Amino acid sequence: MRGWYLILVGLIALGMLDDGGLHVTGAAAEAARQQPRGTFRSGVALLTIDASVRDAGGRPIADLTAADFTVRIDGEARAVATARLFGGAPAAPPAAVAGFTRSLDLTPGRLVVVAIDRESLASGAEKAAFETAGRLFRALSPADAAGVVGIPTGGLELTRDHGAAADAVARMTGTAPIQDWRYRLSWEEVLAYERADRQTIDRVQERECQAASMTCAPGLDRQAREMRTVGRFRVQTVATRMGTLFDSLAPLHAPKQIILMSGGLPFDATLQPFYEDLARRAARAHVALFVVHLDQPSFDASQRDNAGTTNGREYLTGLANIASSTGGAFYTASGRAAGVFDAVLTDVRSFYQLGIESRPADADGKSHRVEVTVNRPGAHVRAPAALALPNNPDSGGDPLERALGEPVDVQDLPLQVATYVRHGRDPGTVRLTVAAELPGEFRSAPRQLAFTISQGGKQIAGQRVTMDTGAQDSAATTVEIAPGEYRLRAGMVDETGRVGTLDMPLRAGLRTSAGVLLSDLLVGTYTDGVLTPRSRLVPDHEGAALVELSSGESLAGVTGVLELIPAGATSPAARLPLALHTSERDTRVVLAESRISPAGLPAGPYVASALFARDGTGFARVSRSIEIVPGETGHAPAPVAASAPAPAPAPPVRDSELPSVLQRLGRYVSQFGDRASLIVGVEHYQQRSRDAPVGEPSARTLVAEIAVVKTADATGWMGFRDVTAVDGKPVRDRQDRLEALFRGDAPDLSEARRIAAESARFNIGLVRRNFNEPTAPLFFFLPINQQRFAFSRQGRKTVGGVETWEIDFEEKASPTMVRTTDGADVPTHGTVWVAADSGAVVRTRLVIRGYLGSSSVSTMEVTYANDPKLGVWLPARMTERHEGAWQRRQIDITGTATYGDFKRFETAATIK
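From a predicted model like this one, the values you see are computed outputs, not experimental measurements. Within any chain, residue numbers begin from 1 and follow the written order of that chain's sequence. This being a predicted model, a pLDDT of at least 70 is required before a residue's local features are given, and a value of 80 or more before pairs of side-chain atoms are given or counted; all residues contribute to the totals for chains, interfaces and linings. Only hydrogens and water are removed before side-chain values are computed, so all heavy atoms of the structure are retained for them.

### Digging into the overall build of the protein
Okay, step 1: Numbering goes from the N terminus for both helices and strands, where a helix is a DSSP run of H or I of at least four residues and a strand is a run of E of at least two. A count of helices and strands for the protein gives 13 helices and 47 strands.
Okay, step 2: Of the contacts formed within the protein by residues at least 6 apart in sequence, a portion of 70% connects residues at least 24 apart.
Okay, step 3: Accessible surface computed for the protein: about 39,500 Å², of which carbon and sulfur atoms make up 51%. When checking whether two residues touch, look at their non-hydrogen atoms; a contact exists if any pair is within 4.5 Å. Throughout, the Shrake-Rupley method with a 1.4 Å probe supplies accessible areas, and for residues the shown protein chains are the sole cover considered.

### Observations regarding the state of the cysteines
Okay, step 1: Any two cysteine sulfur atoms lying within 2.5 Å of each other are counted as a disulfide. Under the definition given, this model contains 1 disulfide.
Okay, step 2: Linked covalently through their sulfurs, Cys 209 and Cys 216 form a disulfide whose S-S length is 1.7 Å. Given an S-S torsion of about -75°, the disulfide between Cys 209 and Cys 216 has left-handed geometry.
Okay, step 3: Classification of residues uses two cut-offs on accessible area relative to the type maximum, computed with a 1.4 Å probe and protein chains only: under 20% is buried, over 50% is exposed, and between them is partly exposed. Judged by its relative accessible area of 21%, Cys 209 falls in the partly exposed class.
Okay, step 4: What makes Cys 216 buried here is its relative accessible area of 3%.

### So, the packing of aromatic side chains
Okay, step 1: When the centres of two rings from Phe, Tyr and Trp lie within 6.5 Å, Trp using its six-membered ring, the rings pair. Their planes under 30 degrees apart give stacked, over 60 give edge-to-face, and anything left gives tilted. Under the defined criterion, the tally for this structure stands at 10 aromatic pairs.
Okay, step 2: Ring plane angle 80° and centroid distance 5.7 Å describe the contact between Phe 789 and Phe 809, whose orientation is recorded as edge-to-face. Here Phe 789, found in strand β40 (residues 789-799), pairs with Phe 809, found in strand β41 (residues 802-811); they are 20 residues apart in sequence, far enough to count as distant.
Okay, step 3: The class of Phe 789 is buried, set by a relative accessible area of 3%.
Okay, step 4: The class of Phe 809 is buried, set by a relative accessible area of 4%.
Okay, step 5: Ring pairs connect the aromatic residues Phe 780, Phe 781, Phe 789, Phe 791 and Phe 809, which therefore count as one cluster.
Okay, step 6: Charges are assigned to positions over rings by a cutoff of 6 Å between ring centre and Lys NZ or Arg CZ, combined with an angular limit of 35 degrees from the ring normal. Over the face of the ring belonging to Phe 619 we find Arg 614, whose NZ or CZ atom lies 5.7 Å from the ring centre.
Okay, step 7: One cation-aromatic arrangement involves Arg 793 over Trp 805; the distance from NZ or CZ to the ring centre is 4.3 Å.

### Here's the deal with the sheet that holds strand β15 (residues 367-374)
Okay, step 1: Paired strands, in this sense, are two strands between which DSSP finds at least two bridges. Strand order in the open sheet formed by 4 strands is β5-β4-β15-β17, with antiparallel pairing between adjacent strands. A strand with exactly one partner marks an edge of an open sheet, and here the two such strands are β5 (76-78) and β17 (386-388). Across the sheet, the mean angle separating the axes of adjacent strands is 40° when strand polarity is ignored.
Okay, step 2: Sheet topology note: the strand β4 (residues 69-73)/β15 ladder contains 5 bridges and is antiparallel. Each residue of the ladder has a partner; that of Arg 72, found in β15, is Glu 371.
Okay, step 3: Sheet strands in contact with helix α6 (residues 272-285) are β15 and β17, and its direction is about 70° off that of β17. Axis geometry follows a simple rule: fit a line to the C-alpha atoms, using only the stretch in contact for helices, then measure angles between N-to-C directions, giving values from 0 to 180 degrees.

### A closer look at the sheet that holds strand β12 (residues 287-294)
Okay, step 1: In spatial order, the strands read β10-β9-β8-β11-β12-β13; together these 6 strands make up an open sheet with mixed pairing. Since the sheet does not close on itself, it has two edges, and those belong to β10 (155-159) and β13 (329-333), each with one partner. In this sheet, neighbouring strand axes are inclined to one another by 20° on average, regardless of whether the strands run parallel or antiparallel.
Okay, step 2: Direction of pairing for strand β9 (residues 145-151) relative to β10: antiparallel, over a ladder of 3 bridges. Among the inter-strand pairings, Ala 146 is bridged to a residue of β10, identified as Thr 159.
Okay, step 3: The strands touched by helix α1 (residues 127-138) within the sheet are β8 (111-117), β9, β11 (256-262) and β12, with β8 carrying the most contacts at an inclination of about 170°.

### Section: empty space enclosed by the protein
Okay, step 1: Using only the protein atoms, space was sampled on a 1 Å grid; points where a 1.4 Å probe fits but cannot get out form cavities, open sets with protein on both sides within 12 Å along at least five of seven lines form pockets, and lining residues are those with an atom within 4 Å of a point. Grid points are joined across faces, edges and corners, and a volume is the space filled by probe spheres set on the points. Applying the stated criterion across every chain, the model contains 5 cavities of 30 Å³ or more.
Okay, step 2: By volume, the second largest cavity amounts to about 130 Å³.
Okay, step 3: What lines the second largest cavity is a set of 16 residues, and nearest its centre among them are Asp 50, Ser 52, Ala 288, Phe 290 and Arg 382.
Okay, step 4: If you list the elements that add at least two residues to the lining of the second largest cavity, you get β3 (44-54) and β12.
Okay, step 5: Here the lining of the second largest cavity is built from residues that sort into 9 nonpolar, 4 polar and 3 charged. Only Asp, Glu, Lys and Arg are considered charged in this grouping, and only Ala, Val, Leu, Ile, Met, Phe, Trp, Tyr, Cys and Pro are considered nonpolar; every other residue, Gly among them, is considered polar.

### Overview of helix α7 (residues 316-326)
Okay, step 1: Where α7 is concerned, the buried positions are Gly 318, Leu 319, Asn 321, Ile 322, Ala 323 and Thr 326.
Okay, step 2: Close packing links the buried residues of α7 with β11, α6, β12 and β13.
Okay, step 3: Following α7 by one or two positions, Gly 327 has its phi on the positive side, about 80°.

### Here we look at the packing of α1 against helix α2 (residues 162-170)
Okay, step 1: Close contact between α1 and α2 brings their axes to 8 Å; oriented N to C, the two are set at 170°. Of the possible angle classes, the one that applies to α1 and α2 is roughly antiparallel. Here Lys 127, Phe 130, Glu 131, Ala 133, Gly 134, Phe 137 and Arg 138 of α1 lie close against α2, whose contacting residues are His 162, Gly 163, Ala 165, Ala 166, Asp 167, Val 169 and Ala 170.
Okay, step 2: Of the residues contributing to the contact of α1 with α2, the split by class is 7 nonpolar, 3 polar and 4 charged. The cut-offs work like this: below 35 degrees is roughly parallel, past 145 is roughly antiparallel, 65 to 115 is roughly perpendicular, and the gaps in between are oblique.

### Notes on the pattern of salt bridges
Okay, step 1: Put simply, a salt bridge is a Lys or Arg side-chain nitrogen that is within 4 Å of an Asp or Glu carboxyl oxygen. Enumeration over the complete set of coordinates arrives at 46 salt bridges.
Okay, step 2: For Asp 202, the salt bridge is made with Arg 198, and the minimal N-O distance between the two is 3.1 Å. Of this pair, Asp 202 and Arg 198 are both found in helix α4 (residues 198-208), 4 residues apart, which corresponds to roughly one turn of the helix.
Okay, step 3: According to the relative accessible area criterion, Asp 202 is partly exposed, its value standing at 37%.
Okay, step 4: Among the ionic pairs, Arg 225 bridges to Asp 221, the shortest N-O distance being 2.2 Å.

### Examining the packing of α6 against α7
Okay, step 1: Between α6 and α7, whose axes approach to 9 Å, the crossing angle comes to 35°. Here α6 runs over α7; the crossing is right-handed. Contact with α6, carried on its side by Gln 272, Tyr 275, Leu 278, Ala 279 and Ala 282, involves Gly 318, Asn 321, Ile 322, Ser 325 and Thr 326 of α7 and no other residues of that element.
Okay, step 2: Residues belonging to the contact of α6 with α7 are distributed by class as follows: 5 nonpolar, 5 polar and no charged. In this scheme, a crossing is called left-handed if the near helix is turned counterclockwise away from the far one by less than a right angle; it is called right-handed if the turn is clockwise.

### Side note on the nonpolar core
Okay, step 1: Within the largest apolar cluster, 85 residues are counted, with the highest numbers of intra-cluster contacts made by Val 417, Ile 453, Ile 481 and Ile 807.
Okay, step 2: Ranked by the residues each element gives to this core, the list is headed by helix α10 (residues 657-676), at 7 residues.
Okay, step 3: Apart from residues no more than four positions distant in its own chain, Ile 807 is found in contact with Leu 658, Val 661, Leu 662, Phe 791, Ser 792, Arg 793, Gly 830, Thr 831, Val 832 and Val 834.
Okay, step 4: If you look at the next biggest cluster of nonpolar residues, it comprises 31 residues, including Val 114, Val 292, Leu 294 and Ala 333. Throughout, nonpolar core names a set of buried Ala, Val, Leu, Ile, Met, Phe, Trp, Tyr and Cys residues whose side chains join them through atoms within 4.5 Å.

### Some details on unusual backbone geometry
Okay, step 1: Cis geometry marks the peptide bond from Ile 151 to Pro 152, where omega comes out at 15°.
Okay, step 2: Positive phi, close to 60°, is recorded for Ala 337, a residue that is not glycine.
Okay, step 3: With respect to the helices and strands, Ala 337 occurs in the loop between β13 and α8 (338-349).
Okay, step 4: For Asp 727, which is not glycine, the phi torsion reads 50° and is therefore positive.
Okay, step 5: Tracing the backbone through its elements, the reader meets Asp 727 in the loop between β38 (717-726) and β39 (729-730).

### Let's talk about the confidence of the model for the protein
The predicted coordinates should not be examined in detail at positions where pLDDT is low.
Okay, step 1: Residue-level confidence of the predictor, termed pLDDT, takes values from 0 up to 100. Per-residue pLDDT for the protein averages 79, and the proportion of residues at 70 or more is 79%.
Okay, step 2: Note that residues 1-7 has pLDDT below 50 and, in this model, 46 contacts with residues that lie over four places away or in other chains.
Okay, step 3: The low-confidence segment residues 298-306 (pLDDT under 50) makes 7 contacts with residues lying over four places distant or belonging to another chain.

### Focus on the environment of Asn 375
Okay, step 1: When you line up the elements, Asn 375 lands in the loop between β15 and β16 (380-382).
Okay, step 2: The sequence separation of Asn 375 and Asp 68 amounts to 307 residues, and the corresponding C-alpha distance is 5.5 Å.
Okay, step 3: Setting aside its immediate chain neighbours within four residues, Asn 375 contacts Ala 67 and Asp 68.

Given below as structure tokens:
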């Protein structure tokens, strides 16, 4: 039977319950483990290898192609599919006219980290070199991220604030301790004492001891032990800290360049495993390593020149081992080290990222030897000595959330992003629409779009939207924010799991001209009454343009015209009238709209400009870049004389009121959690079943607490049921657990999952279900889900004394929001009664058919009532009925629930 349990999916973050409960696909997914470092092109999995190529004079070679490279992995040649040069021509300057920002037009970002072995460097003489290293950050591209790691402590997280990173390096200090060692012992002599090498020990004693000294020999032995302990501990400390750094960088997409600065590290056979482990972790992380040995002279006259140390020129071996085992570069520097860091900067700035054909055996978790050569005489190539891929990647993570958290842009997808600022609902806000798409020639359907908006490093807003299967190349979503300067980070994941992200500055504010506030120009196509922004207009879809205007004075006498000007031209290819009419969403706002027929227009880029005049005098122009894809048939729009004012044609023929009501409905449902959290009420629920299986009751009475609580995903809230009594008997071990669960700041997710699963198990009858939670139908009307449905207005109806719109809805997208546990689609339809002025939901009817043969049908109706004390519309009554036939048995389940005794609890708890 479990194959036909009905499951409501895609709503809240609690996971799939074992008994056929809620399948959660919330926006915040669990952080993924390390992923295989690779990218994808044309369906072929590629490994990436970063290679620096220099000519005989040490200058970068910048004109190589994939055919110029030969790559061998474990001695076997591999096909080089791509060779992307980092550090080539700079990115094009921002366009003068607003439009979609393309990730492929931007300079790709790198991760550059300076790690400082502080305990190997004496305080004072190191400052000049640190300042030089810090200036390396100031020479990076704005797309690069910089970080600082102090060993054993200190540093700065990865950031694009390069000035902060430079300052963090300059503030670093050496912390090498002053050792009270009397004798001059080299590391080899220290190891000789461990081996009991009598010949070497005698030579040391003859050199260091006076003939009559009785304490010299024991002192030498003691100092040798101390030096071994200190030296080996330092190697362990550096290897552990650097290994942790490599591990933390491994999942990130960008090229990674690490500069290790140290005064030296000892090396011997007992330390070999630490160096080998570090090399393995470097191979997994795919880092390019630059090792800089700082040769520090002693400036302290109180220190004996011949005293024992565990750093200095004698200890180059350990650092050189790190460089050679990872394929990195090794430098020795002194003083300001300007020449060394100039050479490092050249390598950091200019290198090739090679895409290599991968094979299944690569992902075995082992290190594989890498050799890279080029067919250019006199060229020198530096590349990682090995690479490794984990053999147990976690495919259950959230690639989009992970990519949005990376410090630089991810370019596995050629993402394009545009923003549009329009009038906000309140005077102190603006509506920001974020649109993202893939190029028209990119043959992959996007699946999800997400973005975050931050200011001063603090996240202000964010959203996530899932696209239905009909989406071809784009998606858009809207938030309301205060005007100001922000950073926008947007990301998209396609049907294959590839991700693209883009980070860009954002200025959110309306423009002002002649006392009129104007929105951005939005150009796109209408889908189900909603204007979706697009960078390209195609012949089989009528385009549209929209600008919003408002003013403290009358806008009578204002006219508008839309010009489509080919790029580089001065005259428009078409001039179209802009029809002005009052917005139904906000009567303070006037909409200027025009329809665009792209068929017949010459192909190529255009500037779309909306020009406005009052009484014949122009006062504003709003423009945006678009592209026209030509059609084989059709005619260009009839041109309008340049001097003639634009007439005001009739509004477009469509149910123009419905989109506004649906927007208010979506806004109401999105904010329902803020109004209702945390409200707890009492549910009295009676269920009857004529199909009761053997051993199950035919009737059941449940008493439960129901609550609306906040979540940290795109929905923002969830309804929650906790059964307290079954057929008059209290549930064991259950005392106010719902209130206790959400009293703290961090609710226990596993406990929430357990409570939800237990409540679903109390349902009786053959149809196992979890959608019989009274607020569940509201999730169908979230903005991110409305695109899955077709809506039609049926008329007006008074429900409970409230004038409402009666709106039918029918699910068109696949996969559906309700499914059987074997994944089969179960389309839904129904009716929602909405208070048109506020978007409040007064009643819902949900109908589900065909989940168990053609005769199966489930109907659930919920009526809401406005609680005057709490100021919230809350469930008042729910009825359900499930009918059908299965294996010669008739299914007939009914249920009635009533709700009351609602109380609000003060809590900051949020399910994350």
